[in-house]
Amino acid sequence: MQTAIRIVAGSLRGRKIACTVNPELRPTPQMVREALFSILGNAIPDRLFVDIFAGTGVVGLEALSRGASATYFIERDVRLAGAIEKHLRAFALVKHARVYRTDAYRWIAAWQAPPEPVNVFLSPPFADLHEHPDLLLQALARLQATVADDSVIVLQSEKGVPLEEHSEMLAWEQRAYGRNVLMIWQKEPPPLAA
């Protein structure tokens, strides 16, 4: 089924991206995107935004629309990655973005985060949330260890997934929007030695 997703705010406000919805692809609902960008607020402009499991790429495009310095899109599916590249060309944003056609877990394992704060958004497939929470927790721990102080990591999850019970997630703030849950973590600088 073909549908169009609207970019909510910023320089691309009102522009639409077309996508074909299938059970494997779950574009982040507009309400959840609005909540995400409201939470990130002033942390968006002039910061790198990393959209992992990018899918349609709408979240990363929305970040660029709202002033992110650049967006990295990590998407394994060749067709989806190609569609993201097409939108970037259509919106004249190619210079501000990189599309990595690769497995998200492999990309996370190899990524060297920059020395300045970044925003990282992960929207893994339902199957990963339910069947591979250990893989996901490993990837999150790697991101937490590698990003600079003040960076924000947001995971789009859903209510009732096994992940919520893991002690590693207790430090994450959780906000629910319908069946979607945003799990938010910010890297605090280490406390100053007395």
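Residues numbered from 1 in each chain as written. Predicted model: local features only at pLDDT ≥ 70, side-chain atom pairs only at ≥ 80, totals over all residues. Heavy atoms only, no water.

> Help me out: how do you make sense of the pairing of strand β7 (residues 152-158) in this one?
Side chains on a regular strand alternate between the two faces of the sheet. Extensive coverage of β7 is indicated by the burial of 7 of its 7 residues. Side chains Val152, Val154, Gln156 and Glu158 of β7 all project onto a buried face; the interleaved residues Ile153, Leu155 and Ser157 project onto the opposite face, where all are buried too. Of the pairings in the sheet, the one linking strand β6 (residues 118-122) to β7 comprises 4 bridges and is parallel in character. The residue of β7 that forms the bridge with Val120 is Ile153. (Buried < 20%, exposed > 50% of the residue type's maximum accessible area, 1.4 Å probe, protein only. Helix = DSSP H or I, 4+ residues; strand = E, 2+ residues; numbered from the N terminus. Pairing = 2+ DSSP bridges.)

> What is the right way to look at helix α1 (residues 30-40) in this model?
The periodicity of an α-helix, 3.6 residues per turn, causes residues three or four positions apart to be oriented the same way. Within α1 the residues assigned to the buried category are Val32, Arg33, Ala35, Leu36, Phe37 and Leu40. The positive-phi residue at the C-terminal boundary of α1 is Gly41, with phi of around 45 degrees.

> Is there a simple way to explain the sheet that holds strand β5 (residues 97-100) in this structure?
Pairing between the strands of a sheet is mediated by backbone hydrogen bonds and can be parallel or antiparallel. With mixed pairing, 7 strands are arranged side by side in an open sheet as β5-β4-β3-β6-β7-β9-β8. Strands at the two margins of the open sheet, each flanked by one partner only, are β5 and β8 (173-177). On average, each strand axis in the sheet is tilted by 15 degrees relative to the strand beside it, whichever way the strands run. Each of β4 (70-74) and β5 touches helix α3 (residues 78-90); the most contacted strand, β5, lies at about 165 degrees to it. (Axes fitted to C-alpha atoms, helices over the stretch in contact; angles between N-to-C directions. Contact = heavy atoms within 4.5 Å.)

> What should I look at first to understand the environment of Met1 in this one?
Summarising the element assignment, Met1 is placed in the segment before β1 (2-6). Given the relative accessible area of 70%, Met1 is considered exposed. Not counting residues up to four positions away in its chain, the partners in contact with Met1 are Cys19, Thr20 and Val21.

Limitation: the analysis is restricted to geometry and does not speak to function.
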